[in-house]
Amino acid sequence: MIDQLFVETALWGLTSHYDLVILPKDDWKSDWYVKVLASSFGEYRFEYLLPENKRPWKNAVVIGVATNLAEAKKYLLIAMLESEGWQGNTELKKLAEQYI
């Protein structure tokens, strides 16, 4: 779904245990912004790191659970926007306008 959604933007995936960490660049040491975990119950758990200027404490995150793929698409876009890890990305803005 992510590859089909983002045609112009290169997104990098790093797997860690059961998580898929989505990175804005090809560097496993870079800061993470969005994590996704698919459960065996057909749910998708999203976690994104709040930007520093919005954090009530260090490494504060937002967590949500999507119950289907269409909802997961929206959650992914929201997480990418709200984490501010892809600032200035025009493809992300267009997709957000279309799906959110």
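Placed above this text is the structure.
Every value quoted in this text rests on a predicted model; they were computed, and no experiment measured them.

### Focus on the overall build of the protein chain
A tally of regular secondary structure across the protein chain gives three helices and five strands. The C-alpha atoms of the protein chain give a radius of gyration of 13 Å, which matches the 13 Å a tight globule of 100 residues would have. The principal-axis extent of the C-alpha atoms belonging to the protein chain is close to 30 × 30 × 25 Å. Relative to its full complement of 100 residues, the protein chain shows a buried share of 30%. Carbon together with sulfur atoms contributes 50% to the accessible area of the protein chain, which is approximately 6,700 Å² in total. Measuring between centres, the 11 positive side-chain charges of the protein chain sit 3 Å from its 14 negative side-chain charges.

### Remarks on the pattern of salt bridges
Opposite charge on two side chains permits them to pair, given that their charged atoms come into close proximity. Within the structure shown, the criterion is met by two salt bridges. The partner of K54 in a salt bridge is E84, and the shortest N-O contact between them spans 3.5 Å. Of this pair, K54 sits in the loop between β4 (44–49) and β5 (61–66) while E84 sits in the loop between α2 (69–83) and α3 (90–99); the two residues are 30 residues apart in sequence, bridging distant segments of the chain. Residue E84 is classed as partly exposed on the basis of its relative accessible area of 28%.

### Quick look at α2
For α2, spanning 15 residues, the distance from its first C-alpha to its last is 21 Å, which sits close to the expected 21 Å at 1.5 Å a residue. Listing the buried residues of α2 in full gives A72, L76, L77, A79, M80 and S83. Taken end-on, α2 shows its buried residues confined to a sector of 160°, consistent with a single buried face. Residues of α2 that are buried sit in contact with α1 (2–5), β2 (19–23), β3 (34–38), β4, β5 and α3.

### With respect to the pairing of β4
The two faces of the sheet receive side chains in turn, since in a regular strand these alternate between them. Across five bridges, β3 lies against β4 in antiparallel orientation. Its bridge partner lying in β4, V34 is registered against Y48. Turn length for the β3-β4 hairpin, with the two strands adjacent in sequence and antiparallel, is five residues, and the turn residue G42 shows positive phi of about 80°.

The rules behind the values
- Residues numbered from 1 in each chain as written.
- Predicted model: local features only at pLDDT ≥ 70, side-chain atom pairs only at ≥ 80, totals over all residues.
- Heavy atoms only, no water.
- Helix = DSSP H or I, 4+ residues; strand = E, 2+ residues; numbered from the N terminus.
- Rg over C-alpha atoms; globule rule 2.2 N^0.38 Å.
- Buried < 20%, exposed > 50% of the residue type's maximum accessible area, 1.4 Å probe, protein only.
- Areas by Shrake-Rupley, 256 points an atom, 1.4 Å probe, with all protein chains shown as cover.
- Lys, Arg positive; Asp, Glu negative; His and termini not counted.
- Charge placed at Lys NZ, Arg CZ, Asp CG, Glu CD.
- Salt bridge = Lys/Arg side-chain N within 4 Å of Asp/Glu carboxyl O.
- Expected span 1.5 Å × (residues − 1).
- Arc of directions from axis to C-beta.
- Contact = heavy atoms within 4.5 Å.
- Pairing = 2+ DSSP bridges.

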